[in-house]
Amino acid sequence: MKKTIDDLAIFGAPPAFSKSLHVGRPNIGNREKLMQRINYILDSRWLTNDGTFVQEFEQRIAEIVGVKHCIAMCNATIALEIAIRASGMTGEVIVPSMTFVATAHALQWQEITPVFCDIDPVTCNIDPKKIEQMITPRTTGIIGVHLWSRPCDVDALAELAQKHNLKLIYDAAHAFGCSYNGKMIGNFGDAEVFSFHATKFLNSAEGGAVVTNDDELAQKIRWMKNFGFEDVDLVVYIGTNGKMNEFSAAMGLTSLESLDEIIETNRQNYFHYRKELSGIPGVTLAQFNEGEKCNYQYIIVQIDKDVTGISRDEIKDILWSENILARRYFYPGCHRMEPYRSYFPHAGLLLPETERLADRVLALPTGTAVGAAEISEVANIIRLAIANSKQIGEKLGNRPAAS
Ligand SMILES: *Cc1c(COP(=O)(O)O)cnc(C)c1O
């Protein structure tokens, strides 16, 4: 354990970890079970196109979520694009800027304008109180994002959508396995979209799904993800190729079998971080509601420089020099990325809470590759950095920032 400032790597000591601690290191399930499934795929020579593993994966997801339909896809970005198109969104759609850029891109890719709405500083999710002022005659929908596994204010959003006759979709990429008032995420709005990307809680290497309780919408989405084919040789509207393949479904099914262990590890890590970080002024951990189901996948802190004397970026650089690869989720906000930055150069004026959070937020490593000893050391280094903020500021002043 590093004890003094001279033990920090930026002052010449060896890094705390010889191997890097990553944010979003994939959770890998039982290797033998995966290999059995892969052999089955190869033996059967059925590699994709609604194979048995994809069907089984869809069923299992629908069961866990308690939702009528699950349509598995190649990734969540395509799943979002298809859900957006199938639901009939056009013109303008209101979204938070505090999200992964794919949420905005899924709209802009089909020339629907993402209109960025500010977040609630407490929940860090889209602020329902700020939505009405962004509605124009061109607005057709709202996309909420359950950021860092924490559900949006789904009741307020449903009320707004109904009042203004808007479509409502959720980007639930972070929130598989989470609940809101006891009801699983996946049951809200017109449809919700999960990501099963390697870095997410449940992974199929690459993958995603749309879940919905709307029969008609589900059918349309199912056809759209398969080029618009309703039947052999019968195409009923424009579609794309959004299919999940059997290898991904095999990985997803295998990951599902380890889900309880992954949650338990994440949960223990969360409580360990909470204990270790609790005494550090200016460092605030995003809390989870323990009364709900949660995947505890994200360990997020906000760094308040006015209190710590050291910025989020300086803390990030020190962690990186110790091989702790903390990430800024999300920075700088979609409205500061292209093409949105050029389209709406002044969007930030309406997004003060988003900008404030983007400058403070830091995701710390967790998951099955991280344990109590690593967490104690991560917290220890943050504590050491804050205690020596002045000297570190001087040192980092002459040093290019780590990316
Ligand atoms: C990861 C992520 C996506 C995209 O998911 P892919 O499966 O990688 O396409 C979309 N939205 C959010 C909030 C994400 O974190």
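Residues numbered from 1 in each chain as written. Predicted model: local features only at pLDDT ≥ 70, side-chain atom pairs only at ≥ 80, totals over all residues. Heavy atoms only, no water.

1. As for the sheet that holds strand β6 (residues 167-171)
Pairing in this open sheet of seven strands is mixed, and the strands run β2-β10-β9-β6-β5-β3-β4 from one edge to the other. Of all strands in the sheet, those bounded by a partner on one side alone are β2 (69-73) and β4 (113-117). Across the sheet, the mean angle separating the axes of adjacent strands is 25° when strand polarity is ignored. On top of the sheet, helix α5 (residues 154-163) reaches β5 (139-145) and β6; it is set at about 150° to β6, its chief contact. Along the sheet, helix α6 (residues 215-224) makes contact with β2, β9 (191-195) and β10 (208-212), crossing β2 at roughly 20°. (Pairing = 2+ DSSP bridges. Helix = DSSP H or I, 4+ residues; strand = E, 2+ residues; numbered from the N terminus. Axes fitted to C-alpha atoms, helices over the stretch in contact; angles between N-to-C directions. Contact = heavy atoms within 4.5 Å.)

2. Here's the deal with the domain arrangement of the chain
Where the parts come together, the accessible area they lose is often given as the size of the interface. By domain assignment, the chain separates into domain 1 (31-257) and domain 2 (259-396). Once you take the C-alpha centre of each, domain 1 and domain 2 turn out to be 26 Å apart. On the domain 2 side, the residues contacting the 39 residues of domain 1 number 35 residues. Across the domain 1/domain 2 interface, buried area totals approximately 3,100 Å², and carbon plus sulfur atoms make up 65% of it. When the area that domain 1 buries against domain 2 is broken down by residue, the three leading residues are Met-98, Trp-148 and Phe-201, summing to 24%. Summed over the shared surface of domain 1 and domain 2, the result is zero salt bridges. (Domains from an automatic or database assignment. Buried area = accessible area lost by both parts, 1.4 Å probe. Salt bridge = Lys/Arg side-chain N within 4 Å of Asp/Glu carboxyl O.)

3. Focus on the sheet that holds strand β14 (residues 299-303)
Read across the sheet, three strands follow the order β13-β14-β16 without closing on themselves; strand pairing throughout is antiparallel. The sheet is open, and its two edges are formed by β13 (283-285) and β16 (361-364), each paired on a single side. Direction aside, neighbouring strands of the sheet carry axes that sit 30° apart on average. Two strands pair when backbone bridges link them, and β14 and β16 are joined in this way by four bridges, in the antiparallel orientation. The residue of β16 that forms the bridge with Ile-299 is Leu-364. Relative to the sheet, helix α8 (residues 259-277) contacts β13, β14 and β16, its axis offset from that of β13 by approximately 155°. Running at roughly 25° to β16, helix α10 (residues 312-321) makes contact with β14 and β16 of the sheet.

4. Notes on the site of the ligand
The immediate surroundings of the ligand are formed by 14 residues, with Thr-77, Asp-171, His-174, Ser-195 and Lys-200 found nearest. Separating an oxygen atom of the ligand from a side-chain N or O atom of His-174 is a distance of 2.8 Å. Here the ligand loses 93% of its free accessible area of 380 Å² to cover by the protein chains. Put simply, the ligand lies in the largest pocket. For the shell around the ligand, the elements supplying multiple residues, two or more each, are α3 (76-87) and α4 (102-108). Within the shell around the ligand, the residues separate by chemical class into four nonpolar, eight polar and two charged. (Near = heavy atom within 4 Å. Polar contact = N/O pair within 3.5 Å; in protein donor to acceptor, adjacent residues only side chain to side chain. Areas by Shrake-Rupley, 256 points an atom, 1.4 Å probe, with all protein chains shown as cover. 1 Å grid on protein atoms, 1.4 Å probe; cavity = no way out; pocket = protein on both sides within 12 Å on 5 of 7 lines; lining within 4 Å. Sits in = over half its atoms within 2 Å of the grid points. Nonpolar A, V, L, I, M, F, W, Y, C, P; charged D, E, K, R; others polar.)

5. Points about the packing of α10 against helix α13 (residues 372-387)
Interhelical geometry of α10 versus α13 gives an angle of 130° and a closest axis separation of 10 Å. Comparing the axis directions of α10 and α13 gives the class oblique. α10 and α13 meet at a crossing whose hand is right-handed. Between α10 and α13, the residues in contact are Ile-315, Ile-318 and Leu-319 and Val-378, Ile-381, Ile-382, Ala-385 and Ile-386, respectively. Here the contact of α10 with α13 is composed, by residue class, of eight nonpolar, no polar and no charged. (Parallel < 35°, antiparallel > 145°, perpendicular 65-115°, else oblique. Left-handed = near helix turned anticlockwise from the far one by under 90°.)

6. Some details on the layout of surface pockets
A volume near 790 Å³ is recorded for the largest pocket. Along the wall of the largest pocket there are 45 residues; nearest its centre are Phe-100, Thr-199, Lys-200, Tyr-329 and Phe-330. Among the secondary structure elements, those contributing two or more residues to the lining of the largest pocket are α3, α10 and β16. Tallying contributions element by element places α3 first for the lining of the largest pocket, with three residues. Here the residues of the lining of the largest pocket sort into 22 nonpolar, 16 polar and seven charged. Counting only domains with at least three residues in the lining of the largest pocket, you end up with domain 1 (31-257) and domain 2 (259-396). Taken as a whole, the second largest pocket encloses approximately 390 Å³ of empty space. Looking at the lining of the second largest pocket residue by residue, the classes come out as ten nonpolar, seven polar and seven charged. Two domains share the lining of the second largest pocket, each providing at least three of its residues, namely domain 1 (31-257) and domain 2 (259-396). (Points joined across faces, edges and corners; volume = space filled by probe spheres on them.)

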